[in-house]
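The residues making up each chain are set out below.
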Amino acid sequence: MMNAGKGAWLRFMLATVAVTGLAACNHKADSSGAKDGTTSQHAEGAIAWREGDVDDAFSEARESGKPVLLYWGARWCPPCNQLKSTLFKDPAFIEQTRAFVPVYLDGDSEGAQRWGEKFGISGYPTVIVLRPDGSEITRVSSGATVARIADVLRLAASRTTSIETLLATAASDPARLTPDDWSLLSGFDWQNDPRHFGATGGAATVLDRLAAAAPDGPLKRRFTLLALTVGAGSPNGKPVLPPARQAALTQTLPQVLASPDEVKANRQELSYSVPALVAALSAGPERAKLGSALIAALDRIHDDASLPIPDRLGTVAADIALAKDQTGHVPAAVLAKVRARSAWVDSAAKDAMVRQSAISNAADLLHEAGDDKGARTLLEGELKRSASPYYYMLSLAALAEETGDGKAAIDWARKAYETAEGPATRVQWAIAYSSTVLRQAPRDKAAVEASAQAVINELAKNPGSYYQRTRVKVSAWGQAVREWSRANDGGAVLANLAAKMAQVCKSQGEGQAQCNAWGKAAA
């Protein structure tokens, strides 16, 4: 649900603290379940989540024969809160979960990063269905409609074929796919699967084959859009479409836009990915016509009160992207539209989870439209309302950095780290703080060392946690520190940090060897 087309500022934020999706959250009992290691009873209108105890969930699955429904989430992350406020409250979905052993794995819970490594999870939220033996049946696209997710779970509840087998068939001989196979693949999370598709090119190849073999028009068009989305090269952040893919887009998109059901089913791609693809078309009347039709279709999505507020808000991202492509800036009419939509969200989003899933997106859209003051005002206002204000502080840091206020960027990043909650979250927010200092005050060696020490301190508090998101983020941060050292005569600082990291790595258990790579490379 957090897609790559959501703007330079948000992409900066995600690159700083997240992997594909979002960083981890504070580990507290969720209102929909029980405390760690216990099984909540089915309260009326609630899912009986097991929280944190994945081993126990699989033990129950082996005894009952039920598959495991694993939700990897985060307390603060916007799309996680959207799931909680919509799908996880849907009575039909809640009823379906009775056919599974549902387990909620919070990124800050003990052992969570290790489980993330095992299951090939990178971004929040991720929803995976697993057999009792731990093999994966499918991972569900959180951007899918409730009806599609319900259909996927219905099929997955009695599924015996692993996702590896299904993907292999899709890649080699899609003519052998059954109707149930097609339904599962249509709802599969193609853009959040590092285990099977570490590089998006592999997914695009399979999606091309599926588009060519799809048994009906809507499926063919969905797989075509997905193939275009994940397969478009993007040097300098802009997709490049060769002639064949341009032809596929100009043929497919009008047919999708002509069908309200297909627009709704593909609304995530249409809002965040397709505008850039339209902009990549050769200039001319056809591109302009497609852009206008896309905006008109998305305006109808915005007017659909049955859809979640964040989905309805996100439709205006297409207006911004297409306007910038045409003129290099956002005209007054589009800016007014963005401001109106943002004000609507601020007024309409009463529920705390809905606000957490929408306000940051509204601020991002304001920034992308050129209203930095409006974005800042919206974010600062949320600091007093949110249970996770550190998330918005990091957004304010990113905004300050992009608008050239390095001191404010560092101050906000430091405050975000200092107030962040949860062990994995604090590591990643410390990385965001240190990275901001590296960029904004590279000559201040004392500040660089102090902020880097914050990362090491947080790692020291979490022995045996050097897995998945923590490992990936610390590794990338270490590379940034080494680049800073080479450019700023920072050898002495780097050596000191490397020595301290070496001590921390001794407590990382099975992750020690990978942790040591940071120190060896730094030395």
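Residues numbered from 1 in each chain as written. Predicted model: local features only at pLDDT ≥ 70, side-chain atom pairs only at ≥ 80, totals over all residues. Heavy atoms only, no water.

Enquirer: Is there a simple way to explain the pattern of salt bridges in this structure?
Expert: When the charged atoms of two side chains with opposite charge come close together, those side chains can pair. One pass over the full model with this rule turns up 27 salt bridges. Linking R355 and D346 is a salt bridge whose minimum nitrogen-to-oxygen distance equals 2.7 Å. One salt bridge in this structure joins D411 and R414, with 3.9 Å as the shortest N-O distance. You can see D411 and its partner R414 sitting in helix α22 (residues 406-419), three residues apart, about one turn around the helix. On the basis of relative accessibility, which here comes to 26%, the residue R414 falls in the partly exposed class. Each of the salt bridges in this network shares a partner with another, and the network as a whole consists of D299, D319, K337 and R341. (Salt bridge = Lys/Arg side-chain N within 4 Å of Asp/Glu carboxyl O. Helix = DSSP H or I, 4+ residues; strand = E, 2+ residues; numbered from the N terminus. Buried < 20%, exposed > 50% of the residue type's maximum accessible area, 1.4 Å probe, protein only.)

Enquirer: What exactly am I supposed to notice about the environment of L185 here?
Expert: Its place among the elements puts L185 in helix α8 (residues 179-186). Note: C-alpha distance between L185 and V152 (33 residues apart in sequence) is 8.8 Å. Excluding residues within four positions of it along the chain, L185 makes contact with L166, L167, A170, L177, W190, L210 and F223. (Contact = heavy atoms within 4.5 Å.)

Enquirer: Hey, could you run me through the packing of helix α15 (residues 285-302) against helix α18 (residues 332-348) in this one?
Expert: Each packed pair of helices is defined by two parameters, the angle between the axes and the distance between the axes. The contact between α15 and α18 brings their axes to 14 Å, and the two run at 20°. For the element pair α15 / α18, the angle class is roughly parallel. Considering the relative orientation of α15 and α18, their crossing is left-handed. Two secondary-structure elements touch here, α15 through I295, D299 and H302 and α18 through K337, R341 and W344. Split by residue class, the contact of α15 with α18 holds two nonpolar, one polar and three charged. (Axes fitted to C-alpha atoms, helices over the stretch in contact; angles between N-to-C directions. Parallel < 35°, antiparallel > 145°, perpendicular 65-115°, else oblique. Left-handed = near helix turned anticlockwise from the far one by under 90°. Nonpolar A, V, L, I, M, F, W, Y, C, P; charged D, E, K, R; others polar.)

Enquirer: Can you walk me through the packing of aromatic side chains in this structure?
Expert: Between two aromatic rings, the relevant description is the distance of the centres plus the angle of the planes. The final tally for this structure, using the stated rule, is 12 aromatic pairs. Ring centres of F88 and F93 lie 5.6 Å apart, and the angle between their planes is 20°; this geometry places the pair in the stacked category. Just as F88 is buried, F93 falls in that class too. Sitting over the ring of W412, K415 keeps its end group 4.9 Å from the ring centre. (Phe/Tyr/Trp six-rings, centres within 6.5 Å; stacked < 30°, edge-to-face > 60°. Lys NZ or Arg CZ within 6 Å of the ring centre and 35° of its normal.)

Enquirer: Just to check I follow, could you spell out α22 for this structure?
Expert: For an α-helix, 3.6 residues make a turn, and residues three or four places apart therefore share a direction. With 14 residues, α22 should reach 20 Å at 1.5 Å per residue; the first-to-last C-alpha distance of 20 Å fits that figure. Within the span of α22, buried status applies to G406, A408, A409, I410, W412, A413, A416 and Y417. In this structure, the buried residues of α22 make contact with α20 (372-382), α21 (389-402), α23 (423-440) and α24 (445-460). (Expected span 1.5 Å × (residues − 1).)

Enquirer: Would you take a moment to explain the pairing of strand β5 (residues 126-130) for this structure?
Expert: Regular strands place side chains that alternate from one sheet face to the opposite one. The buried count for β5 comes to five of five residues, which makes it a mostly enclosed element. Judged from the five bridges that link them, strand β3 (residues 68-73) and β5 form a sheet pairing that is antiparallel. In the strand pairing of β5, Y71 is matched with V127. Pairing of β5 with strand β6 (residues 136-140) involves four bridges; the strand directions are antiparallel. Residue pairing across strands places V127 opposite V140, the latter belonging to β6. Here β5 folds back onto β6, and the loop between the two strands holds five residues, one of which, G134, carries a positive phi near 95°. (Pairing = 2+ DSSP bridges.)

Enquirer: What's the story with helix α19 (residues 352-368) in this structure? I'm lost.
Expert: Its 17 residues give α19 an end-to-end C-alpha distance of 25 Å, which sits within 8% of 24 Å, the value for a rise of 1.5 Å per residue. At A358, α19 shows its largest kink, close to 30°. Counted residue by residue, α19 has 16 buried out of 17 residues, so it is predominantly covered. (Bend = angle between axes of the 7 residues up to and from the residue.)

Enquirer: Looking at this structure, how should I read the state of the cysteines?
Expert: Each disulfide is one covalent bond, formed between the sulfur atoms of two cysteines. Applying the stated criterion to the full structure yields two disulfides. Across the disulfide, C77 is cross-linked to C80 (sulfur-sulfur distance 2.0 Å). With the S-S dihedral at roughly 105°, the linkage between C77 and C80 falls on the right-handed side. Per residue, the accessibility class of C77 equals that of C80, and both read buried. Two residues, C505 and C515, share a disulfide whose sulfurs are 2.0 Å apart. Between C505 and C515 the sulfur-sulfur dihedral comes to about -70°; the bridge is accordingly left-handed. One end of the pair, C505, is in helix α26 (residues 491-505); the other, C515, is in helix α27 (residues 512-522), and 10 residues separate them in sequence. (Disulfide = S-S within 2.5 Å.)

Enquirer: Mind showing me how you'd approach the packing of helix α11 (residues 243-257) against α15 here?
Expert: Where α11 contacts α15, the axes come no closer than 10 Å and their chain directions differ by 30°. In terms of their interaxial angle, α11 and α15 are classed as roughly parallel. Here α11 and α15 pass one another in a crossing that is left-handed. Taken together, the residues of α15 that come into contact with α11 (itself represented by T250, L253, P254 and L257) are E286, L290, A293, L294, A297 and R300.

Enquirer: Honestly, the environment of A454 in this entry has me stumped. Any pointers?
Expert: With respect to the helices and strands, A454 occurs in helix α24. With relative accessibility at 7%, the residue A454 sits in the buried group. If we skip the residues at most four places from it in the chain, A454 touches Y417 and A430.

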